Amino acid sequence: MTNPLTDPYLILTKVYREGKFLKQSIAETSIEPLNKPRTVKICYGVLEKDGYLDYILGANVIKQPQSAIKIILKIALYMLEFLSKHDYMVVDYAVELTKKLGKEGASGFVNAFLRTYKIPPLPEKTDERLAIECSAPTWLVKKLRRSYKAEAAQILTAPSLGLCVRFERGAERYFGKPCVATPFEDTFIFSNFVRDDGFFAGDYTFQSVGSVAICNAIPACDRLLDACAAPGGKSVLLAKKCKTVVSAELHPHRVELIKAYAQRMGAANVTPVQADGTAFYPEFEGAFDTVLCDVPCSGTGVINENPDIKLFRKESDIFSLTETQLAILGNCSRYVKSGGFLFYSTCSVLPEENDSVVCDFLRLHPEYALIKPNSPLEHRETKYGLQFLPQISLGAGFYLTSFKKE
């Protein structure tokens, strides 16, 4: 039998030591197919509980172990505490992997630690306690408690409901699988969905409920610019109600992703182009009825789908992100025709990236009037837009608002 810690170790090493995103690490690692669901569950679980696992480690050792041993211990701790695996099995596998990695000198420590560790009491201070309970950075806990009070913990721990699938045709073939209906046509969230030939035939695509909600709020038009478009899901969906969609992306390899996406889904009216959202292109000036700026952001609304965000995102990133967001929004506002619409969205739950950016934009651009969009997906209304939260919006955290050029 294959050691169940080996594949998670290989994947998580790329995350912890090389700074790679979890989805990328899973995709580029050769995983034993039979045990892939278990491996993926362990990897996501370890990152979701990273702060709590760190807290247990710190309370039970005098000196932090080296990186490889620390990763093995986190995997083993997750299996013991959250998967209810037999102690002797997990300990034996952890010791076996330690030796296999050529670290026999540490095998005794791994064995002793996993047999004797204790769960320490949580701190009394609310921010510190929530940071450990939710395995989130303290800076993020403080920001969320300031903005959302008691809901902060719910935002940080709201589970993913599964995989959101948008069907072009043939949805009824898959209704035998457990799923949750969304407020959007032919869009369902499945707890378990395996890609088949229908994907390559363009019968369906995987698209987050937040992405679908943004497209749903945008009215039909003749010419639309999707300013930060990769991988292309919104461009393709908007192409169903807009005559022409120009799909812009900064990086060449991501432009190719849009091309492949549009081709697979048969969206012939999508034109992918390489363009920088912060750079002005004279040929775009006043050329679009609608411009969508789904800008780079902290990703704090989609932590349940991407737990590695909690590892890589720093508080200092927020200021530079808001500068970029305002720059993109200001630049792309020049591309809207008189009487046209400008949409702004993020996958963040932080007001700094949402209402604050919108407030600054309106101050700098008096030619634009705020027009709050509508959405059938449950949300909270803020001063300037709609805030979707993962615990009330089918697992999705994002922000959306719009403006009209007068």
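These figures come from a predicted structure and were not determined experimentally.

A. Region of interest: the overall build of the protein chain. When helices and strands are counted, the protein chain shows 17 helices and 13 strands. The C-alpha radius of gyration computed for the protein chain amounts to 23 Å, which stays within 12% of the reference 22 Å derived for 406 residues, consistent with globular compactness. Within the span of the protein chain, comprising 406 residues, buried residues form 53% of the whole. Looking at the protein chain alone, contacts between residues at least 24 apart form 67% of all its contacts between residues at least 6 apart.

B. Looking closely at the pattern of salt bridges. Summed over all chains, the structure comprises 22 salt bridges. Here Asp203 ties to Arg173 by a salt bridge, and the two come within 3.6 Å at their closest N and O atoms. In this pair, Asp203 sits in the loop between helix 11 (197–200) and strand 4 (204–206) while Arg173 sits in the loop between strand 1 (163–167) and strand 2 (179–181), placing the two residues 30 residues apart along the sequence. Here Asp203 falls in the buried class, since its relative accessible area comes to 13%.

C. Summary view of the environment of Ile72. Here Ile72 shows up in helix 5 (residues 67–82). Each C-alpha atom of the pair Ile72 and Ala94 lies 6.4 Å from the other, and the pair is 22 residues apart in sequence. When near neighbours in sequence (up to four residues on either side) are disregarded, Ile72 contacts Leu5, Tyr9, Ala94, Leu97, Thr98 and Leu101.

D. Structural view of the packing of helix 5 against helix 7 (residues 107–116). At a closest axis distance of 11 Å, the pairing of helix 5 and helix 7 adopts a crossing angle of 30°. Of the possible angle classes, the one that applies to helix 5 and helix 7 is roughly parallel. When the axes of helix 5 and helix 7 are compared, the crossing they make is right-handed. Residues Ile69, Leu73, Ala76, Leu77 and Leu80 of helix 5 pack against Phe109, Val110, Phe113 and Leu114 of helix 7. Among the residues making up the contact of helix 5 with helix 7, the classes are represented as nine nonpolar, no polar and no charged.

E. Molecular detail of the packing of aromatic side chains. Counted under the stated rule, the structure contains 29 aromatic pairs. Summarising the aromatic geometry, the rings of Phe21 and Phe312 are spaced 5.7 Å apart at their centres and angled 85° between planes, so their arrangement reads as edge-to-face. Of this pair, Phe21 sits in the loop between helix 1 (6–18) and helix 2 (22–27) while Phe312 is found in helix 15 (residues 309–312), placing the two residues 291 residues apart along the sequence. For Phe312, a relative accessible area of 26% puts it in the partly exposed group. Each ring, one from Phe167 and one from Phe193, has its centre 6.5 Å from the other, and the planes form 65°; the classification is edge-to-face. In this pair, Phe167 is assigned in strand 1 and Phe193 in the loop between strand 3 (187–190) and helix 11, connecting sequence segments 26 residues apart. For the residue pair Phe167 and Phe193, the accessibility class agrees, reading buried in each case.

F. Structural view of the nonpolar core. If you look at the biggest cluster of nonpolar residues, it comprises 42 residues, and the most contacted ones within it are Leu5, Leu22, Ile75, Leu77, Phe113 and Leu114. Listed by contribution, the elements that provide at least two residues to this core are helix 1, helix 2, helix 3 (36–48), helix 4 (50–60), helix 5, helix 6 (87–100) and helix 7. Here the element with the most residues in this core is helix 5; it accounts for 11 residues. In terms of nonpolar packing, the next biggest core, distinct from the first, is built from 34 residues, Ile189, Ala213, Ala217 and Cys221 among them.

Rules and cut-offs
Residues numbered from 1 in each chain as written. Predicted model: local features only at pLDDT ≥ 70, side-chain atom pairs only at ≥ 80, totals over all residues. Heavy atoms only, no water. Helix = DSSP H or I, 4+ residues; strand = E, 2+ residues; numbered from the N terminus. Rg over C-alpha atoms; globule rule 2.2 N^0.38 Å. Buried < 20%, exposed > 50% of the residue type's maximum accessible area, 1.4 Å probe, protein only. Contact = heavy atoms within 4.5 Å. Salt bridge = Lys/Arg side-chain N within 4 Å of Asp/Glu carboxyl O. Axes fitted to C-alpha atoms, helices over the stretch in contact; angles between N-to-C directions. Parallel < 35°, antiparallel > 145°, perpendicular 65-115°, else oblique. Left-handed = near helix turned anticlockwise from the far one by under 90°. Nonpolar A, V, L, I, M, F, W, Y, C, P; charged D, E, K, R; others polar. Phe/Tyr/Trp six-rings, centres within 6.5 Å; stacked < 30°, edge-to-face > 60°. Core = buried A, V, L, I, M, F, W, Y, C linked by side-chain atoms within 4.5 Å.

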